[in-house]
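Chain residues, written in single-letter form:
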Amino acid sequence: MDEFVENTDFEMSSEPGGIQKRRPYLKKFMLPDSDEDVPDMQKLYNVQESWRTLLQLPTCQKVMITDSVQKALKIQVGVNVTQEFPWKQLQYKDLRDVLFEELENAADLIKLFKGFNPENFVLIGYCPTLTEAEEDPPEGDPFIFYISSKDTKLAMGIIQNMEAFERWRMQRRLRKKPRRWVSMGTEQEMNILVENIRDVPVDVEIQSVYPIQQPRHIAYERRLARDVRDGVIELLPNESVKYDNIIKRRISVSVQVAPACVTQEQQTNPTFPSNAWSQYLYELDDADLELDESEKEEEEAGVRSRPVTPAPEDVVPKPPPEMSDQMKLLLDTLDFNQIDSYRNDYQLISTNKVVLYSNPFLQEFICFANISKSDKRYVASCDWYPSMSGLLAVSYAFSTPATSDLATHNVNFVQRAVLEPNPVLLWSFADNLNYKLEFEAPFEVTKLSFCPFNGDILIGGCQNGLLVLWDLQGRCEHLEEEEYLTPAQAKYRAMIGEFLDWTLDINEEVVVEPTIISPLESSPTGAITGIHWLSRHFYLNNFGKVFTDQDKRNHHKFFITCAFDGTVSFWNLDFEATKKGAQQRDKNLPKELTQNESMLKNKTIKPMYSLSYNEPLTGIIADTSVFSMQTPSPKVIYKSPANYPVTMVAKNPPELRQSLILSTYYGHIIRVEWQGMYSEAGAKEQVNSSINFAMVHDGPIVAVSKNPFYPEMFVSIGRTVFALWKEDYHDSPIIWRKRPCDLTAVAWSESRPAVLYITRNDGILEAWDILARDDDAVLTEVLGGGIITSVTEHRPSLPNKILGIGDYNSSIRMVKLPHSFDVPLDNELAKLMKYVLRQISRKISIRAWEQKYYELNKDIIEAKRQAEEEARKEMERLEREQQNIRKRPSDAEEDADGKGKKLGGAPYNERMAKKFDELNLNRMMTILMSRKQMDPEKLARETALEKERLSYETAKKESHARLLQTVDEDVATIRSRILPAEIPDMQRSEMIAERVKNEMAMAQSYESVCEEAAEKLKNFPELKSIDYIELLERGMQRRQLLDQSLGGNTDRLLWYKEKLRDNQIFECDFGVDLLYNRRPLGPFPKVPSEESQAVSQEQEKEIRVTGDLEADVE
């Protein structure tokens, strides 16, 4: 801040009154050059003087703030403000509304803040030094704040300098800089690090070329120092110099020619790195010290002749001496114990291969999602394109057998079926952002399956049981082809696009319309839950009989579907030839309109034969084909790793039996057999279960899957249990395991027979390797927090093994599987079959042992079972008695009162007889228990829970009975509150009666009216020729004409005529009783026609008068 000056002394200023006042301390803190050269901290910056200046500012106000006000303003001491950080900024409106109400001088403070903006902030700080000197401080904590903005800015500048000084001082205390060593005398006591040199050190210096090259690994061998330049030297005389040695005569005298061995110690300090040296130990045998015979002869000859020094001759190198056993042992030991940081010596340690274990994990590869098409939907089904890798068809639906919805969730199914789309999309590994094809469907598709014999045919099963067939017409082979246009074509296409800008942009190349839809009357009525393909050599006739075609040239296309309504249908894709009418129609159409039309356009598809079961079906296991994938060479695969051609190879069963294994939504797995029919009426056979598999699932079975390598083995999942089964063993599953969460989907591995993948409701994927461990999953991977509805494995293994997972976000993710789930083990299929047979034999042996134990202890087991049954029946009898007592409480109370009175006043012989009966009953129970070999205490312990349950049920039923007794009263009370009793309005009826009475009193008599009418008719002589009957008929005709022209309401008149004709008019209550006081209300006897006509006219007149009166009153 510019207003701060560097003043180190505190000058005194004098005021006009002669009172001296110290100047404000406005020094700016400057960092010193060195932390050590600060002799006096007060001269660098004085904190006490800064606080004094802050407290002496003109507008500084000191207040005591209580704890409640501190919490309201969020300046609580120890929480929001401390002595180290005491300052806060608060809005003036908060101070005015909260703090000033607690202060006595609130009016003065408001005057000082006059004209202050309520939204502006006020600087306030915690100052504990104000009350340090007081012995009895007031309530609250001391705070200061400033009114003037000028003083606030000045205070903030002082606070910044104080904080900078405190920050520097704390850093100075924490920071330790290196300083000069100051001896304190401890080095005299430290002798460990001092080198104790016994002799004068000898400096050994060898010059070499650095860095030393690391040679390849060579086993230790014997060599001379000159063979390798590694720093080791050998001091030898020059070999080219010929020395004449004087040989002394050998005398066998023991003479010591070598100096005595003296063990000395010498310390050397080599100046070169000592990490590339080794010690060589040479050994020479005694035989090596002896001279060669040729050398002896030459020496003797030289001694005799004493020739002149001969010319130098070629020196033949002496062969290296043979190594002794000790030398070989030394070299082998060195070779074994050598240490080289740059060499992999694992092969030298062990020659046996060891399996390296690691934790497998999934790596996400790609994700397919299109929210605009599949919002708020689940992945219902998916299938891979059979002729090319990396293409996946996916259908989306609002619900699946594994999903659940709240009962309170109201859905308008009509609006959903009409407005919502039913997406079925084709995705490719080459592009994860855009789908390649979109298949139009009339309803939600719950199951998809490509035809394995013709990849262009895709079949989808709908929610309402319809079957939809799409013909791709080879589009998958041209998905990645690019279209090249000439400049003229591009210009023309742009011009046409501008001209048709008002139309909808529909990519017709992407949309695939349904080719065939099955008829509604012949299709199942429930959702399609499974589609399975039969072998090409099996076929069915319309009577449900199975045949095998011996002609291998005939290829059939039959498949089986199961539906949620319990229907199993057999379908045939071998269509007949196209009709002539359709051919003629296509011939008349232009070529442009027929070139993209499928050859199956005019075909129909319906079930050849159907079976019906009485439970909803969720899966089917039959003698269907399983398929494997044949891939091209790696060169072709790596040329186009996303999409490359593949071939499906079918593994067909030897025969097609007329038997199926069905899984139901009720948790049952059953085998059914069909016999066929002898008439085509309906072509639907009702079947029943012939064999029931063991019940192990605790809920609906949502999926079953057959092992592609071992077709006799299949897996089922239901609620929280998954089980492995063998088709011909139904007494018990091979293994079954209970999982901590609901299971949603299952799929076998396409490369390993013993591996399967299971998904759970909580977003976890489990991979099970049956041969590795069968008690728990070998891989548990968390893939999200929501439900996973689909799992499928990509059959080709190159370039990576891919697993597809469909989740609750309507997205299907592709993850790379670990290498251990891709490569099969040695003889894995044979090991799996052996494991299955071993498990089955073990279960059979256990069952045989149980049967044998039962035969040996049949009496005990049956007695125990019978005793339990009798105890259960006794409990039921007591429960029924209690229910009867509850139904007749008054009779039971009367009987109890009479019994008590009878027992109380009974004679001695009756009381003794009753006691004898009780003792006799106990004795008989004891005899029965001993004969049944039952322990009463053990029976009491075993039946304690059952008794407790029965007592709970009894109390529950009593509570329900009491509630049922009071339900009528409760309903009457609630009805009286909701619908109060209607109070009759007596005023209206009284008003009507009085009005009718007045009208009748004022009305003229019939005679007077006739006289007046006769007087008026005299003025019309033309009416004399018309009699009364003719006048009424004319009036009635005019009334009818008016009613027809004006649309008058004649319903009331017709009703009146019908009642009058049936003599029921007097049974009607018109609400006016005064008109009928003078005649009875019962039915009148029939009178002649004239009298009846007069009576009807009089009644009609009275009814008209009454209706007019009622209208006037209203």
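Residues numbered from 1 in each chain as written. Predicted model: local features only at pLDDT ≥ 70, side-chain atom pairs only at ≥ 80, totals over all residues. Heavy atoms only, no water.

## Considerations on the overall build of the protein chain
Piece 1. Counting its regular elements, the protein chain contains 26 helices and 40 strands.
Piece 2. Scored against the burial criterion, the 1114 residues of the protein chain give a buried share of 32%.
Piece 3. When the accessible surface of the protein chain is summed, it comes to about 77,000 Å², and 53% of that surface belongs to carbon and sulfur atoms. (Helix = DSSP H or I, 4+ residues; strand = E, 2+ residues; numbered from the N terminus. Buried < 20%, exposed > 50% of the residue type's maximum accessible area, 1.4 Å probe, protein only. Areas by Shrake-Rupley, 256 points an atom, 1.4 Å probe, with all protein chains shown as cover.)

## Some remarks on the sheet that holds strand E36 (residues 764-769)
Strand pairs in the sheet, formed through backbone hydrogen bonds, run parallel or antiparallel to each other.
Piece 1. Sheet architecture is open: four strands sit in the order E34-E35-E36-E37, paired in antiparallel fashion. Every other strand in the sheet has two partners, leaving strand E34 (743-748) and strand E37 (779-782) as the edge strands with one partner each. Averaged over neighbouring strand pairs, the angle between their axes works out to 15 degrees when direction is ignored.
Piece 2. With five bridges connecting them, E34 and strand E35 (residues 755-760) associate as antiparallel partners. In the strand pairing of E35, Trp-748 is matched with Leu-756. (Pairing = 2+ DSSP bridges. Axes fitted to C-alpha atoms, helices over the stretch in contact; angles between N-to-C directions.)

## Describing the environment of Gly-461
Piece 1. When you line up the elements, Gly-461 lands in strand E13 (residues 454-462).
Piece 2. Considered as a pair, Gly-461 and Lys-447 are 14 residues apart in the sequence and their alpha carbons are 5.0 Å apart.
Piece 3. Once residues within four sequence positions are removed from consideration, Gly-461 is found in contact with Glu-444, Val-445, Thr-446, Lys-447, Leu-466, Leu-467, Ile-528 and Ile-531. (Contact = heavy atoms within 4.5 Å.)

## So, the nonpolar core
Piece 1. Ranked by size, the top nonpolar core spans 24 residues in total, and within it Phe-722, Leu-724, Leu-756, Ile-770 and Val-836 carry the most contacts.
Piece 2. Elements that contribute at least two residues to this core include exactly strand E30 (701-706), strand E31 (713-718), strand E32 (721-726), E34, E35 and helix H17 (828-856).
Piece 3. No other element matches the four residues that H17 contributes to this core.
Piece 4. Residue contacts for Val-836: discarding those within four places in its chain leaves Tyr-710, Met-713, Lys-726 and Ile-734. (Core = buried A, V, L, I, M, F, W, Y, C linked by side-chain atoms within 4.5 Å.)

## A closer look at the pattern of salt bridges
Any two side chains of opposite charge can pair, so long as their charged atoms come close to each other.
Piece 1. Inspection of every chain in the model, using the stated rule, returns 30 salt bridges.
Piece 2. Note that Glu-49 and Arg-52 form a salt bridge whose closest N and O atoms lie 2.6 Å from each other. Of this pair, Glu-49 and Arg-52 both sit in helix H2 (residues 47-55), three residues apart, roughly one helical turn.
Piece 3. On the accessibility criterion, Glu-49 (9% relative accessible area) is buried.
Piece 4. The exposure class of Arg-52 is buried, given its relative accessible area of 13%.
Piece 5. Arg-1034 is the salt-bridge partner of Glu-1030, the closest N and O atoms lying 3.0 Å from each other. Remark: Arg-1034 and Glu-1030 occur in helix H24 (residues 1028-1046); sequence separation between them is four residues, near one turn of the helix.
Piece 6. By relative accessible area, which is 29% here, Glu-1030 ends up partly exposed.
Piece 7. What makes Arg-1034 partly exposed here is its relative accessible area of 34%.
Piece 8. What you see here is one network of salt bridges that share partners, running through Arg-739, Arg-760, Asp-762, Glu-766 and Asp-776. (Salt bridge = Lys/Arg side-chain N within 4 Å of Asp/Glu carboxyl O.)

## Looking at the packing of aromatic side chains
Working definition: an aromatic ring pair is given by the centre-to-centre distance plus the angle between the planes.
Piece 1. Applying the stated criterion across every chain yields a total of 30 aromatic pairs.
Piece 2. Between the aromatic rings of Phe-100 and Phe-113, the centroid separation amounts to 5.9 Å while the plane-to-plane angle is 40 degrees, which identifies the pairing as tilted. With a gap of 13 residues between them, Phe-100 in the loop between helix H4 (92-99) and helix H5 (106-112) and Phe-113 in the loop between H5 and strand E5 (121-126) connect regions that are remote in the sequence. By the burial criterion, Phe-100 is buried, and Phe-113 matches it.
Piece 3. An angle of 20 degrees between the planes, with centres 6.2 Å apart, marks the rings of Phe-368 and Phe-429 as stacked. Taken together, the residues Phe-368 in strand E7 (residues 363-368) and Phe-429 in the loop between strand E10 (424-428) and strand E11 (437-439) connect sequence positions 61 residues apart. Summarising the burial analysis for this pair, Phe-368 and Phe-429 share the class buried.
Piece 4. Taken together, the ring pairs connect Phe-365, Phe-368, Trp-384, Trp-427, Phe-429 and Tyr-435 into an aromatic cluster. (Phe/Tyr/Trp six-rings, centres within 6.5 Å; stacked < 30°, edge-to-face > 60°.)

## Remarks on the sheet that holds strand E6 (residues 141-146)
Piece 1. Reading across from one edge, E3-E6-E5-E4 is the order of the four strands in this open sheet, with antiparallel pairing throughout. This sheet does not close on itself; its edge strands, each paired only once, are strand E3 (60-65) and strand E4 (87-91). Across the sheet, the axes of successive neighbouring strands diverge by a mean angle of 35 degrees, strand direction being ignored.
Piece 2. Pairing analysis gives five bridges linking E4 to E5, with the strands arranged antiparallel. Bridging from a neighbouring strand, Trp-87 pairs with Gly-125 of E5.
Piece 3. H4 contacts E3, E4 and E5 of the sheet and is inclined by roughly 85 degrees relative to E4.
Piece 4. Where helix H6 (residues 149-174) meets the sheet, it contacts E4, E5 and E6, and its direction lies at approximately 45 degrees from that of E5.

## Overview of the side chain of Asn-370
Piece 1. Mapped onto the elements of the fold, Asn-370 is located in the loop between E7 and helix H11 (371-374).
Piece 2. Ignoring any residue separated from it by four or fewer positions in sequence, one finds Asn-370 in contact with Leu-425, Trp-427 and Tyr-435.

## Thoughts on H4
Piece 1. Buried within H4 we find Tyr-92, Leu-95 and Leu-99. What you see down the axis of H4 is that its buried residues fit within an arc of 80 degrees, all on one side.
Piece 2. Tucked into the core, H4 has its buried residues touching E3, helix H3 (67-73), E4, H5 and E5. (Arc of directions from axis to C-beta.)

## A word on the pairing of strand E20 (residues 558-563)
Piece 1. Buried residues dominate E20, accounting for six of its six residues.
Piece 2. For E20 and strand E21 (residues 567-572), the ladder comprises five bridges, and the chain directions are antiparallel. Within E21, the residue paired with Cys-562 across the bridge is Val-568.
Piece 3. The loop that links E20 with its antiparallel partner E21 comprises three residues; one of these, Gly-566, has a positive phi angle of about 90 degrees.

## Describing the side chain of Thr-720
Piece 1. With respect to the helices and strands, Thr-720 occurs in the loop between E31 and E32.
Piece 2. There is a polar contact of 2.8 Å between the side chain of Thr-720 and the side chain of Lys-738.
Piece 3. Beyond its immediate sequence surroundings of up to four residues, Thr-720 is in contact with Asp-698, Arg-737, Lys-738, Arg-739, Cys-741, Asp-742 and Leu-743. (Polar contact = N/O pair within 3.5 Å; in protein donor to acceptor, adjacent residues only side chain to side chain.)

## Re a nonpolar patch on the surface
Piece 1. A cluster of nonpolar side chains, contributed by Tyr-492, Met-495, Ile-496, Phe-499 and Leu-500, occupies part of the molecular surface with about 530 Å² of accessible area.
Piece 2. Within the secondary structure, Leu-500 is located in the loop between helix H13 (487-499) and strand E15 (511-512).
Piece 3. Owing to a relative accessible area of 36%, Leu-500 belongs among the partly exposed residues under this scheme. (Patch = residues over 30% accessible without salt bridge, like charges linked within 9 Å, V, L, I, M, F, W, Y side chains within 5 Å.)

## Examining the pairing of strand E26 (residues 659-664)
Piece 1. For E26, the buried fraction is high: six of the six residues fall into the buried class.
Piece 2. By the alternation rule, side chains of E26 split into Ser-659, Ile-661 and Ser-663 and Leu-660, Leu-662 and Thr-664, which are all buried.
Piece 3. Looking at chain direction, strand E23 (residues 617-621) and E26 are connected through four bridges and run antiparallel. In the strand pairing of E26, Ile-620 is matched with Leu-662.
Piece 4. Sheet analysis places E26 next to strand E27 (residues 669-673), joined by five bridges and oriented antiparallel. In the sheet register, Leu-660 faces E27, and the bridge partner there is Val-672.

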